[in-house]
Amino acid sequence: MNSIKENLYRVWERIEKAAQKSGRKREDITLVAVTKTVEVERIREGIEAGIKEIGENRVQEAREKIPLLPREGIKWHMVGHLQRNKAKYAVRLFDMIQSLDSLSLAEELEKRCQKENRTLEVLIEVNIGGEETKFGVAPQEVISLIEKVKDFPHLKIKGLMCVPPWLEDPEKVRPYFIQMRELKEKVIEEKIPGVEMKYLSMGMTDDFEIAIEEGANMVRLGRAIFGERKK
Ligand SMILES: *Cc1c(COP(=O)(O)O)cnc(C)c1O
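Residues numbered from 1 in each chain as written. Predicted model: local features only at pLDDT ≥ 70, side-chain atom pairs only at ≥ 80, totals over all residues. Heavy atoms only, no water.

Asks: Explanation requested: unusual backbone geometry in the structure shown.
Replies: Phi is mostly negative for residues that are not glycine, and the peptide bonds are mostly trans. For Thr 37, which is not glycine, the phi torsion reads 70° and is therefore positive. Mapping Thr 37 onto the fold places it in the loop between strand S1 (30–34) and helix H2 (40–48). Judged by its relative accessible area of 25%, Thr 37 is partly exposed. Positive phi, close to 50°, is recorded for Lys 191, a residue that is not glycine. Examined against the element boundaries, Lys 191 turns out to sit in the loop between helix H7 (174–190) and strand S7 (199–201). (Helix = DSSP H or I, 4+ residues; strand = E, 2+ residues; numbered from the N terminus. Buried < 20%, exposed > 50% of the residue type's maximum accessible area, 1.4 Å probe, protein only.)

Here's what the structure looks like:
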């Protein structure tokens, strides 16, 4: 098995190649290392190897692990579905919520941020494949949700995120990535005050190169860095 450091270097090389294909540089792409099920010691190893942004998908797991790890110099991302009753913990733990998928969650986050005197970056999660089993807002509802959340003083909308349908052949996922890029462009055209479409978060271990070719500038990788998950 390769070390985390070796995996990370290989991942950066692959990110660089994919970025070049779409006329960008490796520094234009933000790598979020997804550490669900990964033990604290191995996350620390990853941080020593240069990981700067880390994603977790469950509040409970994050509550156990994040306090044992550095906050300084690390940006923590919530990438999984967030229940309203966990919002108060999420606000304390994370710097960015990538899975904002309803007005009621936004209201709860805003209320909790106000209490904690904190500002959170958020991405709107889009259910780009229209899958019943997935969270996220429908593409046609993205702009109306943004219009409602844009005036919340403690939430800063920074872009869009998606988890497209899982398909054996990653090439078949490409059309979803293209739709996401087009959706991002549509939001930009609306020129909504206070809304910055800085990030397009898409692409995981099986398809991140294709996502980058189609415009992703934030990829979320777990297995490519830490190996297969046991659980
Ligand atoms: C697990 C997870 C990832 C990383 O998946 P890999 O296939 O291990 O790269 C990315 N995004 C979300 C939302 C996840 O839950």
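Asks: Is there a simple way to explain helix H6 (residues 142–149) in this structure?
Replies: Helical periodicity: at 3.6 residues per turn, an α-helix aligns residues three or four positions apart in one direction. Within the sequence span of H6, burial applies to Val 142, Ile 143, Leu 145, Ile 146 and Val 149. In an axial view of H6, the angular spread of the buried residues amounts to 160°, which keeps them on one side of the axis. Looking at the buried side of H6, the elements it contacts are strand S4 (96–100), helix H5 (103–116), strand S5 (120–126), strand S6 (155–162) and H7. (Arc of directions from axis to C-beta. Contact = heavy atoms within 4.5 Å.)

Asks: What is the right way to look at the site of the ligand in this model?
Replies: The full set of residues close to the ligand is Val 34, Lys 36, Val 79, Val 163, Met 204, Thr 205, Arg 220, Leu 221, Gly 222, Arg 223 and Arg 229. The contact in question runs from an oxygen atom of the ligand to an N or O atom on the side chain of Arg 223, over 2.7 Å. The separation between an oxygen atom of the ligand and a polar side-chain atom of Arg 229 is 2.8 Å. About the coverage of the ligand: the protein hides 92% of its 390 Å² of free accessible area. If you map the ligand onto the pockets, it falls in the largest pocket. Here the residues of the shell around the ligand are counted per class, giving five nonpolar, two polar and four charged. (Near = heavy atom within 4 Å. Polar contact = N/O pair within 3.5 Å; in protein donor to acceptor, adjacent residues only side chain to side chain. Areas by Shrake-Rupley, 256 points an atom, 1.4 Å probe, with all protein chains shown as cover. 1 Å grid on protein atoms, 1.4 Å probe; cavity = no way out; pocket = protein on both sides within 12 Å on 5 of 7 lines; lining within 4 Å. Sits in = over half its atoms within 2 Å of the grid points. Nonpolar A, V, L, I, M, F, W, Y, C, P; charged D, E, K, R; others polar.)

Asks: Would you explain the side chain of Arg 174 in this entry?
Replies: Inspection of the secondary structure puts Arg 174 in helix H7. For Arg 174, a relative accessible area of 18% gives the class buried. When neighbours within four sequence positions are excluded, Arg 174 is seen to be in contact with Ile 210, Glu 213 and Glu 214.

Asks: Just to check I follow, could you spell out the layout of surface pockets for this structure?
Replies: Rolled over the atoms, a probe with the dimensions of a water molecule shows which regions are left empty. As a volume, the largest pocket reaches approximately 630 Å³. Contributing to the lining of the largest pocket are 26 residues, with Lys 36, Lys 134, Val 163, Met 204 and Arg 220 lying nearest its centre. Residues belonging to the lining of the largest pocket are distributed by class as follows: 12 nonpolar, five polar and nine charged. (Points joined across faces, edges and corners; volume = space filled by probe spheres on them.)

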